[in-house]
Amino acid sequence: MCRADSTLGTAVILADLGCELILKFGTEEQKGEYLGKVAKGDAISAAAFTEPARGSAISERLDTVAVGRGRGWVINGTKTMITNATTADFFITLCQTDAEAQPPYRGQSLFIVASHAPGIGVTKIANKMGIRASPVGEINFDDVHVRGENMIGVRNRGFYHTMDWFNESRVEVAAQAVGMAQGALDRSLVYAREREAFGRKISEFQAVSHKLAEMAMKIEAARLLVHKAAWRIDQGEADPLASSMAKALAGRVAVEVADEAVQIHGGYGYLGEYDVERICRDAKITEIYEGTREVQKNTVARFLLRS
Ligand SMILES: Cc1cc2nc3c(=O)[nH]c(=O)nc-3n(C[C@H](O)[C@H](O)[C@H](O)COP(=O)(O)OP(=O)(O)OC[C@H]3O[C@@H](n4cnc5c(N)ncnc54)[C@H](O)[C@@H]3O)c2cc1C
């Protein structure tokens, strides 16, 4: 999908964000209530981890707190940069449920929160660089009541469930990146064969054809790594090392390839007459959300130095 259209492809892929958490750790009731609607396109989900004070560092004590009251919970706090915040029917939200837990991530839990629940306030964040078909916003929780049945998985294991999910979702982001890069190469090949300069097709200049070759080689390497990480998941052996390698490499490749695609398109590429300008803006997010490039490298380095 992202090969054909980086913006729409991303929007479609992100429409069910976080639902795998329900699929993997949810109750049969939760699966019945939410997953069918999302699969049919009758509902949109959001996954809320990031807070104003922490994005990479969600293992720290969260400012979004859920306190037990009766048979349910009351949530207070703010999540920011949340995809689909303004359109989602429900937010899968990571909260601190044990303020004393050491380390703090041992005291976090996941909840399904209806987006229309009393106490929810959503503010759209405008003017982002790319993926502009996917809205992003801030969610404020002000004494929001949720039923005990809305907890996903095991109490105080929310961080572990989230990391488990990231091992798979990061491969999905890596696949977005490969698609975007391939789309940029496809368009560059067409343009290089058509555009003429100094009486020749620009593809006949070695400086251009070598760019195309470099782009293709990088994409192929990233694709194979994504396939390896996805294959591990299919085997039931999700591999954080492979997932982080795939996301870090594919994201970088998408950014580099999209940049070269603009270069091959010359001024027209920069003006936005061709899709490559948009791909260039869209690609950058794959190095940021669901764990930045640096966070992925931390994981890779940890594995390398452990063995
Ligand atoms: C368009 C968009 C959509 C998003 N959608 C969602 C969503 O749906 N749900 C959600 O929860 N979040 C979402 N996010 C938030 C995103 O996941 C965070 O922006 C990201 O995790 C980085 O967090 P941060 O912005 O707080 O940056 P920071 O964590 O403050 O990082 C700033 C810089 O420091 C580096 N850094 C931080 N810690 C380390 C470290 N330990 N080692 C090395 N370098 C480090 C980072 O790599 C980065 O370069 C979205 C963001 C954007 C822009």
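As the structure is a prediction and not an experimental result, all values here were calculated from the model.

Student: Go over the pairing of strand 2 (residues 65-69), please, and point to the residues and values.
Tutor: Where strand 2 meets strand 3 (residues 72-83), five bridges bridge the pair, whose relative direction is antiparallel. Bridging across to strand 3, Gly 68 finds its partner in Trp 73. In textbook terms, the turn of a hairpin is the stretch between consecutive antiparallel strands, and for strand 2 and strand 3 this stretch comprises two residues, one of which, Gly 70, has a positive phi near 60 degrees.

Student: Break down the nonpolar core for me, citing the residues and quoting the values.
Tutor: Generally speaking, a soluble globular protein has its nonpolar side chains buried in company with each other. By size, the foremost hydrophobic cluster in this structure holds 36 residues, and its most contacted members are Leu 212, Met 215, Ile 219, Val 226, Ala 250, Val 257 and Ile 264. When residues of this core are traced back to their parent elements, those giving at least two are helix 4 (158-194), helix 5 (206-234), helix 6 (240-264) and helix 8 (276-283). Sequence-distant contacts of Leu 212, defined by excluding residues within four places in its chain, comprise Leu 185, Ser 188, Leu 189, Ala 192 and Ile 264. Cys 19, Ile 92, Ile 112 and Phe 159 belong to the second-largest nonpolar core, a separate cluster that totals 25 residues.

Student: Talk me through the pairing of strand 3; I want residue IDs and the actual numbers.
Tutor: Successive side chains on a regular strand alternate, one facing one side of the sheet and the next facing the other. Of all 12 residues that make up strand 3, nine are buried, and the element is covered over most of its length. One ladder, built from nine bridges, connects strand 3 with strand 7 (residues 136-147); its direction is antiparallel. Note that in strand 7 the partner of Ile 82 across the bridge is Gly 137.

Student: Could you give me a rundown of the packing of helix 6 against helix 8, with the residues and numbers involved?
Tutor: Running from N to C, helix 6 and helix 8 cross one another at 160 degrees; their axes reach a closest spacing of 9 Å. For the element pair helix 6 / helix 8, the angle class is roughly antiparallel. At the point where helix 6 passes helix 8, the crossing takes the left-handed sense. Side by side, helix 6 and helix 8 meet where Ala 254, Val 255, Ala 258, Asp 259, Ala 261 and Val 262 of the first sit next to Val 276, Glu 277, Ile 279, Cys 280 and Ala 283 of the second.

Student: Would you mind going over the side chain of Thr 93 in detail, with residue names and values included?
Tutor: Along the chain, Thr 93 turns up in strand 4 (residues 90-96). Engagement of the side chain of Thr 93 in a polar contact is seen with the backbone oxygen of Phe 91, the distance being 3.2 Å. Discounting residues that sit within four places of it in the chain, Thr 93 has contacts with Ala 48, Lys 79, Ser 109, Leu 110, Phe 111, Val 113 and Phe 141.

Student: Let's hear about the site of the ligand: which residues, and what values?
Tutor: Around the ligand lies a shell of 19 residues, among which Ala 47, Thr 50, Ser 56, Thr 292 and Glu 294 are the nearest. Gly 55 places a polar main-chain atom, nitrogen or oxygen, 3.1 Å from an oxygen atom of the ligand. Side-chain polar atom of Ser 56 to an oxygen atom of the ligand: 2.6 Å apart, as the coordinates give it. Against a free-state accessible area of 970 Å², the protein chains account for coverage of 65% of the ligand. Put simply, the ligand lies in the largest pocket. Contributions of two or more residues to the shell around the ligand are made by strand 1 (45-48), strand 3 and helix 9 (293-306). Considering each element in turn, the shell around the ligand owes the most residues, three residues, to strand 3.

The rules we used
Residues numbered from 1 in each chain as written. Predicted model: local features only at pLDDT ≥ 70, side-chain atom pairs only at ≥ 80, totals over all residues. Heavy atoms only, no water. Pairing = 2+ DSSP bridges. Helix = DSSP H or I, 4+ residues; strand = E, 2+ residues; numbered from the N terminus. Core = buried A, V, L, I, M, F, W, Y, C linked by side-chain atoms within 4.5 Å. Buried < 20%, exposed > 50% of the residue type's maximum accessible area, 1.4 Å probe, protein only. Contact = heavy atoms within 4.5 Å. Axes fitted to C-alpha atoms, helices over the stretch in contact; angles between N-to-C directions. Parallel < 35°, antiparallel > 145°, perpendicular 65-115°, else oblique. Left-handed = near helix turned anticlockwise from the far one by under 90°. Polar contact = N/O pair within 3.5 Å; in protein donor to acceptor, adjacent residues only side chain to side chain. Near = heavy atom within 4 Å. Areas by Shrake-Rupley, 256 points an atom, 1.4 Å probe, with all protein chains shown as cover. 1 Å grid on protein atoms, 1.4 Å probe; cavity = no way out; pocket = protein on both sides within 12 Å on 5 of 7 lines; lining within 4 Å. Sits in = over half its atoms within 2 Å of the grid points.

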